[in-house]
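Here is how the chains run, residue by residue.
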Amino acid sequence: MIRHIVFFTVPDRAKLEDVRSGLSILTAIPHARLLEIGMNVKTDQLGTEVDIVVYGEFDDEAALAAYKAHPNYQRSIERVRPLREMRIAADYETDVAIRAPF
């Protein structure tokens, strides 16, 4: 399984809900096992710059690629890109992720 995590910053606080709404379009794409859009509750003392997180789980790289090729993905980008500042994305395979000290 692949976990897909994307962090966004939104410089204009008045646009946070517009960004969240634009990202919600992604939840209608059928290729994810799970897709969530969450607001950072900013409880970490050192990491408060991120405003919104997209978290997705996909069966494999093909499912993630199909998700990104879906028309709703482009629709979401068109709505969100002009409103956000930073976007950092990471994907990793869970079957090779470290889960214990070595």
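Nothing here was measured: the structure is a model prediction, and the numbers come from that model.

Draft legend 1. Spotlight on the overall build of the protein chain. Looking only at helices and strands, the protein chain has three helices and four strands in total. The order of α-helices and β-strands along the protein chain, N terminus first, is β-α-β-β-α-α-β. Buried residues in the protein chain amount to 29% of all 102 residues. Partitioning the intrachain contacts of the protein chain with sequence separation of at least 6 by distance along the chain shows that 74% fall at a separation of at least 24. In the form shown here, the protein chain has an accessible surface area of approximately 6400 Å², with 53% of it arising from carbon and sulfur atoms. Distance from the positive charge centre (13 side chains) to the negative charge centre (16 side chains) of the protein chain: 4 Å.

Draft legend 2. Spatial organisation of the side chain of Asp51. Mapping Asp51 onto the fold places it in the loop between β2 (34-39) and β3 (52-58). Engagement of the side chain of Asp51 in a polar contact is seen with the side chain of Lys42, the distance being 2.7 Å. Beyond its immediate stretch of four places on either side in the chain, Asp51 contacts Phe8, Thr9, Val10, Arg13, Leu16, Gly38, Met39, Asn40 and Lys42.

Draft legend 3. Spotlight on the environment of Asp95. In this structure, Asp95 sits in the segment after β4 (87-93). According to the relative accessible area criterion, Asp95 is exposed, its value standing at 60%. C-alpha of Asp95 to C-alpha of Arg81: the two residues are 14 residues apart in sequence and 32 Å apart in space.

Draft legend 4. Quick look at the UniProt feature "domain: Stress-response A/B barrel" (unreviewed entry) in the protein chain. When the UniProt feature table is mapped onto this chain numbering, "domain: Stress-response A/B barrel" (unreviewed entry) sits at residues 2-92. Annotated as 31% helix and 29% strand, the span residues 2-92 places its first and last C-alpha atoms 5 Å apart.

Draft legend 5. Just the pattern of salt bridges, in detail. For the structure on display, the rule yields seven salt bridges. A salt bridge links Asp18 to Lys15; its shortest N-O distance comes to 4.0 Å. Among the residues examined, Asp18 registers a relative accessible area of 37% and is labelled partly exposed. Three or more residues are tied together by salt bridges with common partners; here these are Arg13, Lys42 and Asp51.

Analysis parameters
Residue numbers restart at each chain and count upward from 1, following the sequence in its written direction. The predicted nature of this model means local features are confined to residues of pLDDT at least 70 and side-chain atom pairs, given and counted, to a pLDDT of 80 or more, with totals for whole chains, interfaces and linings taken over all residues. Side-chain numbers here rest on the full set of heavy atoms in the structure, without hydrogens or water. Only DSSP runs of H or I covering at least 4 residues are called helices, and only runs of E covering at least 2 are called strands; the numbering of each starts at the N terminus. Buried, partly exposed and exposed residues are distinguished by accessible area as a fraction of the type maximum, computed with a 1.4 Å probe on protein chains only: under 20%, between the cut-offs, and over 50%, respectively. Residue contacts are defined here by distance: any two heavy atoms, one from each residue, within 4.5 Å place the two residues in contact. For every accessible area listed, the method is Shrake-Rupley and the probe measures 1.4 Å; residues are considered covered only by the protein chains on display. Under the counting rule used here, the positive set is Lys and Arg, the negative set is Asp and Glu, and His together with the chain ends is not counted. Every charge is mapped onto a representative atom, which is NZ of Lys, CZ of Arg, CG of Asp or CD of Glu. We define a polar contact as two N or O atoms separated by no more than 3.5 Å, with the added condition that, inside protein, one atom must be a possible hydrogen donor and the other a possible acceptor, whereas residues neighbouring each other in sequence contribute only through side-chain atom pairs. UniProt positions are given in the numbering used here, feature names are shortened, and annotations may be inferred rather than shown by experiment. Criterion for a salt bridge: a side-chain nitrogen of Lys or Arg within 4 Å of a carboxyl oxygen of Asp or Glu.

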